[in-house]
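Reading the structure
One letter stands for each residue in the lines below.
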Amino acid sequence: MEDVLVKKEGEPVKQFSVMLQNRAGALVALVRLVRSAKVEIIGISIQDSKDATIVRMLVTDPDTVFCLFAEKGISYTICDMVVIALRESGVGLGACLDALMAAETNVDFAYSLMAHPDRQSLVAMHLEDYSFGIDVLNRSGFKVLYQEDLSR
């Protein structure tokens, strides 16, 4: 029997979604609060509407942010994100999306992350099926990152 190298998965990257009032200073107050706990925001997406703003963010230390939000009474939702490192930004993104499309799995939403210390282009994606998506991307040769890869 052949030995098969199985890549051990890590802890999923957690995304926090926070609804803010659509008013001046709300976003900077949230960012300052997270930074006051010595946690870096490494990815952020802001979806604005007339009455509210939804801030989606990835952080270097989700456990600290869980505690911070609980302590401050900040409501949030959380979900697992797939983060991949692209060798070539534009070409790599297209190849990634092609692999997911061929496997007939959907990308619900995606956004790029801030600069990684290794200077790689990183993309965070919410997929309709987290485990299946990771399997597809691994089999297609993409480097999938986990929370421990992003914590600094």
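The present account deals with the structure reproduced in this document.

Criteria and cut-off values
- Residues numbered from 1 in each chain as written.
- Predicted model: local features only at pLDDT ≥ 70, side-chain atom pairs only at ≥ 80, totals over all residues.
- Heavy atoms only, no water.
- Core = buried A, V, L, I, M, F, W, Y, C linked by side-chain atoms within 4.5 Å.
- Buried < 20%, exposed > 50% of the residue type's maximum accessible area, 1.4 Å probe, protein only.
- Helix = DSSP H or I, 4+ residues; strand = E, 2+ residues; numbered from the N terminus.
- Contact = heavy atoms within 4.5 Å.
- Patch = residues over 30% accessible without salt bridge, like charges linked within 9 Å, V, L, I, M, F, W, Y side chains within 5 Å.
- Areas by Shrake-Rupley, 256 points an atom, 1.4 Å probe, with all protein chains shown as cover.
- Salt bridge = Lys/Arg side-chain N within 4 Å of Asp/Glu carboxyl O.
- Phe/Tyr/Trp six-rings, centres within 6.5 Å; stacked < 30°, edge-to-face > 60°.
- Lys NZ or Arg CZ within 6 Å of the ring centre and 35° of its normal.
- Axes fitted to C-alpha atoms, helices over the stretch in contact; angles between N-to-C directions.
- Parallel < 35°, antiparallel > 145°, perpendicular 65-115°, else oblique.
- Left-handed = near helix turned anticlockwise from the far one by under 90°.
- Nonpolar A, V, L, I, M, F, W, Y, C, P; charged D, E, K, R; others polar.
- Pairing = 2+ DSSP bridges.
- Lys, Arg positive; Asp, Glu negative; His and termini not counted.
- Charge placed at Lys NZ, Arg CZ, Asp CG, Glu CD.

Quick word on the nonpolar core
Counting 16 residues, the largest nonpolar core has Val82, Ile84, Met125 and Leu137 as its most contacted members. Looking at this core, the elements with two or more residues in it are strand 4 (77–86), helix 3 (89–102), strand 6 (121–127) and helix 4 (130–139). Of the residues forming this core, the biggest block, 4 residues, is contributed by helix 4. Setting aside residues up to four positions removed in sequence, Ile84 forms contacts with Cys96, Ser121, Leu122, Val123, Met125, Leu137, Phe142, Lys143 and Val144. Within the second largest apolar cluster, 15 residues are counted, among which are Ile41, Val55, Met57 and Val59.

Brief notes about a nonpolar patch on the surface
A surface patch of nonpolar side chains, amounting to about 200 Å² of accessible area, comprises Leu93, Leu97 and Val107. Among the structural elements, Leu93 can be located in helix 3. The partly exposed category is assigned to Leu93, whose relative accessible area is 31%.

Notes on the packing of aromatic side chains
Each aromatic ring pair is characterised by the separation of its centres together with the angle its planes make. Applying the stated criterion across every chain, the model contains 5 aromatic pairs. Aromatic rings pair up to connect Phe16, Phe66, Phe69 and Tyr76 into one cluster. The ring of Phe109 carries Arg56 above its face, with NZ or CZ at 3.7 Å from the centroid.

Some thoughts on unusual backbone geometry
Non-glycine residue Lys38 carries a positive phi angle of around 65°. Within the fold, Lys38 resides in the loop between helix 1 (26–36) and strand 2 (41–48). Residue classification places Lys38 among the exposed residues on the basis of a relative accessible area of 73%.

Thoughts on the packing of helix 1 against helix 2 (residues 62–72)
At a minimum axis separation of 10 Å, helix 1 and helix 2 run at an interaxial angle of 120°. Classified by the interaxial angle, the pair formed by helix 1 and helix 2 is oblique. Of the two elements, helix 1 crosses helix 2, and the hand of that crossing is right-handed. Packed against helix 1, whose contacting residues are Leu30, Leu33 and Val34, the element helix 2 presents Val65, Leu68, Phe69 and Lys72 at the interface. In terms of residue class, the contact of helix 1 with helix 2 is built from 6 nonpolar, no polar and 1 charged.

Some remarks on the pairing of strand 2
Two elements, strand 2 and strand 3 (residues 52–59), share 7 bridges in a ladder whose sense is antiparallel. Bridging across to strand 3, Ile46 finds its partner in Val55. Here strand 2 folds back onto strand 3, and the loop between the two strands holds 3 residues.

A look at the side chain of Arg56
Its place among the elements puts Arg56 in strand 3. For the buried residue Arg56, which engages in no salt bridge, the nearest side chain bearing the opposite charge is Asp108, 8.8 Å off.

Comments concerning a negative patch on the surface
Where like charges cluster on the molecular surface, the negative patch consists of Glu11, Asp63, Glu148 and Asp149. The exposure class assigned to Glu148 is partly exposed, which follows from its relative accessible area of 47%.

Brief notes about the pattern of salt bridges
Between side chains of opposite charge, pairing is possible as soon as their charged atoms come close. Under the counting rule described, the total for this entry stands at 2 salt bridges. In this structure, the salt-bridge partner of Arg139 is Asp135, at a minimum N-O distance of 3.0 Å. Here Arg139 pairs with Asp135, and both are found in helix 4, just 4 residues apart, close to one helical turn. Given the relative accessible area of 37%, Asp135 is considered partly exposed.

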